[in-house]
Amino acid sequence: MLKHFNAKSLFGMSFLVIFVLLSSGCDIIPGRHMRDQAKFEPLEASSLFGNERASQNLPENTVPRGEWYDIESNEALYTGMQDGEAVENIPIAVDRDVILRGQERFNIYCSPCHGRVGDGQGMIVQRGMKQPNSFHSEQVRSQPDGYYFNVMTNGFGVMYSYASRVNPEDRWAIVAYIRALQFSQNAPLDVLTEEDLEQIESVVE
Ligand code: HEC
């Protein structure tokens, strides 16, 4: 081995060593990880600005983007509550599109546990999650609209909050869809038209 150790191979080896050092980034130099780069932490002092603070106030009229709701501007809309009570009715206009949106969101976020029809027999429940009450039970049906919104916003028992995944408008859309599901199982006969009744009778016969 040694006899092959000449100037030429030494040059080759040092070239290799430099290549390895360069290609492995800064990590091999102790204390110079990328996470240790020069930067200001929140609330740190800095002589850069006159007030000696690294973090500056937001410029006037800055408009927040993304998930930010001015709850005080419309308590019912953003919390489902008014003066400590769950609101009776959905505070947004409900039409077919809202219900369809609610159906889509419900099937994505709620049906894995509550089942597509809201009976509490979703796949996760079949695999061992606690079975929630059916949305068709008298106890759940008799709750005001705001109750459902509140459960989605804050969670309920072992069910966690959906506030970070379902925005307030969509939460109301889901409430509208749950009402449609409940209606589908509990519609009083006298709200049905002649045509609806005939259709039901033809199916039942
Ligand atoms: C991971 C499973 C799971 C998902 C997903 C889920 N829930 Fe639940 N939910 C539960 C369980 C379990 C309970 C009962 C909790 C308890 O009693 O501790 C519950 C309770 C509820 C209740 C209260 C029922 C009652 O007895 O008063 C409502 C309303 C509700 N969920 C609505 C929803 C809606 C709407 C969604 C979708 C945004 C949703 N849940 C998503 C598991 C889930």
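Preceding this paragraph is the structure being described.
Below, the discussion takes up the environment of Asn186. Relative to the assigned elements, Asn186 resides in helix α8 (residues 168-186). What makes Asn186 partly exposed here is its relative accessible area of 32%. The spacing of Asn186 and Arg141 is 45 residues in sequence and 9.6 Å in space, taken between C-alpha atoms. Contacts of Asn186, omitting those with residues within four sequence positions, involve His136 and Arg141.

Before going further, it helps to spend a moment on helix α3 (residues 96-109). Taking 1.5 Å per residue, 14 residues should reach 20 Å; α3 reaches 20 Å between its end C-alpha atoms and fits that length. Listed in full, the buried residues belonging to α3 are Val98, Gly102, Arg105, Phe106 and Asn107. One side-chain oxygen of the residue at the start of α3 lies 3.2 Å from the amide nitrogen of Asp97, identifying that residue as Asp95.

What follows covers the coordination of the iron atom of the ligand. Binding of the iron atom of the ligand to the protein goes through His114 (NE2) and Met159 (SD), at separations of 2.0 to 2.1 Å. With six donor atoms in place around the iron atom of the ligand and angles of 85 to 178° between them, the coordination shape is octahedral. Taken together, the residues span a long stretch of sequence, with His114 in helix α4 (residues 111-114) and Met159 in the loop between α7 (145-154) and α8 at a distance of 45 residues. What makes Met159 partly exposed here is its relative accessible area of 24%.

Here we take up the pattern of salt bridges. This model, assessed by the stated rule, comprises five salt bridges. In this structure, Arg101 engages Asp170 in a salt bridge whose closest nitrogen and oxygen atoms are separated by 2.6 Å. Of the two residues, Arg101 sits in helix α3 while Asp170 sits in helix α8, which places them 69 residues apart along the sequence. Residue classification places Arg101 among the partly exposed residues on the basis of a relative accessible area of 34%. Residue classification places Asp170 among the buried positions, given a relative accessible area of 10%. If you follow the salt bridges from partner to partner, you end up with Arg101, Glu104, Arg105 and Asp170 in one network.

Conventions we followed
Residues numbered from 1 in each chain as written. Predicted model: local features only at pLDDT ≥ 70, side-chain atom pairs only at ≥ 80, totals over all residues. Heavy atoms only, no water. Helix = DSSP H or I, 4+ residues; strand = E, 2+ residues; numbered from the N terminus. Buried < 20%, exposed > 50% of the residue type's maximum accessible area, 1.4 Å probe, protein only. Contact = heavy atoms within 4.5 Å. Expected span 1.5 Å × (residues − 1). Polar contact = N/O pair within 3.5 Å; in protein donor to acceptor, adjacent residues only side chain to side chain. Donors = N, O, S within 2.8 Å, 3.2 Å for Na, K, Ca; no water. Tetrahedral: all angles 85-135°; square planar, octahedral: opposite > 155°, others 65-115°. Salt bridge = Lys/Arg side-chain N within 4 Å of Asp/Glu carboxyl O.

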